[in-house]
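Residues per chain are reported as follows:
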Amino acid sequence: QVQLVESGGGSVQAGGSLRLSCATSGMVLSIKTMGWYRQAPGKQRELVATITSGGSTNYADSVQGRFTISSDNAKNTVYLQMNSLKPEDTAVYYCNAHVVPPLTAGYLEVWGQGTLVTVSS
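Since this is a predicted model, take the numbers as computed values, not measurements.

Undergrad: Whenever I open this one, the overall build of the protein chain confuses me. Can you help?
TA: When its secondary structure is counted, the protein chain shows zero helices and eleven strands. Listing every helix and strand of the protein chain by position from the N terminus yields β-β-β-β-β-β-β-β-β-β-β. Within the protein chain, buried positions represent 41% of all 121 residues. Sequence separation of at least 24 residues holds for 54% of the intrachain contacts in the protein chain that already meet a minimum separation of 6. Approximately 6,400 Å² of the protein chain is accessible, and the part contributed by carbon and sulfur atoms is 48%. Separation between the mean location of the 8 positive side-chain charges and that of the 7 negative ones in the protein chain comes to 2 Å.

Okay, structure coming up:
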């Protein structure tokens, strides 16, 4: 069974930085995309950033220029470097991936358990 294991959340003051990591647990034949979403209290889950296996990235306008997504394809791991954090970045951050497990036709979408990021003013 494929799982995503997140780490790196925590509390920080506005203007600070945090780095999130998400590693794939279990066997996968390939990964199409990996990314990060977030959900603030009382709000819907929203896209933060994604990266394809080829290295193409996509960011939400609200984090463009402050957050950087990267990946280590050899380790099936994705990172999110978050700089210049704002109180409005406070949310539970979820890792997401589209993977191909063994003996599976097509891609499987997998979600991590979420990691809390709290930014205080």
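Undergrad: Which parts of the structure should I look at to understand the nonpolar core?
TA: Inside soluble globular proteins, nonpolar side chains tend to come together where they are buried. Of all hydrophobic cores here, the largest spans 31 residues; its most connected members are Trp36, Leu80, Met82 and Tyr93. With five residues, the top contributor of residues to this core is strand E9 (residues 91-100). Residues contacting Tyr93, with those up to four places away along its chain left out, are Glu6, Leu20, Trp36, Tyr37, Arg38, Val48, Phe67, Leu80, Met82, Gly114, Thr115 and Val117.

Undergrad: Can you help me understand the environment of Val110 in this one?
TA: Considering the arrangement of structural elements, one finds Val110 in strand E10 (residues 108-111). When the C-alpha positions of Val110 and Thr24 are compared, they lie 9.6 Å apart, and in sequence the two are 86 residues distant.

Undergrad: Explain the pairing of strand E1 (residues 3-7) here, please?
TA: Strand residues, when the strand is regular, have side chains that alternate between the two faces of the sheet. The alternating pattern of E1 places Leu4 and Glu6 on a buried face and Gln3, Val5 and Ser7 on a face that is not buried. Across five bridges, the pairing between E1 and strand E3 (residues 18-25) is antiparallel. Directly across from Leu4, in E3, lies its bridge partner Thr24.

Undergrad: I would appreciate a short explanation of the pairing of strand E8 (residues 77-82) in the present structure.
TA: The buried fraction of E8 amounts to five of the six residues, a majority that puts the element mostly inside the structure. Across six bridges, E3 lies against E8 in antiparallel orientation. The residue bridging Leu20 from the neighbouring strand is Leu80, located in E8. Bridging between strand E7 (residues 67-72) and E8 involves six bridges; their strand directions are antiparallel. Directly across from Ile69, in E8, lies its bridge partner Leu80. Where E7 folds back on E8, the antiparallel hairpin that results is connected by four residues, among which Asn76 adopts a positive phi of roughly 50°.

Undergrad: Mind showing me how you'd approach unusual backbone geometry here?
TA: In most cases, non-glycine residues show a negative phi, while peptide bonds are predominantly trans. One non-glycine residue, Asn76, lies in the positive phi region at around 50°. By the element assignment, Asn76 lies in the loop between E7 and E8. Despite not being glycine, Leu103 has its phi angle at roughly 60°, a positive value. Tracing the backbone through its elements, the reader meets Leu103 in the loop between E9 and E10. On the basis of relative accessibility, which here comes to 91%, the residue Leu103 falls in the exposed class.

Analysis parameters
Residues numbered from 1 in each chain as written. Predicted model: local features only at pLDDT ≥ 70, side-chain atom pairs only at ≥ 80, totals over all residues. Heavy atoms only, no water. Helix = DSSP H or I, 4+ residues; strand = E, 2+ residues; numbered from the N terminus. Buried < 20%, exposed > 50% of the residue type's maximum accessible area, 1.4 Å probe, protein only. Contact = heavy atoms within 4.5 Å. Areas by Shrake-Rupley, 256 points an atom, 1.4 Å probe, with all protein chains shown as cover. Lys, Arg positive; Asp, Glu negative; His and termini not counted. Charge placed at Lys NZ, Arg CZ, Asp CG, Glu CD. Core = buried A, V, L, I, M, F, W, Y, C linked by side-chain atoms within 4.5 Å. Pairing = 2+ DSSP bridges.

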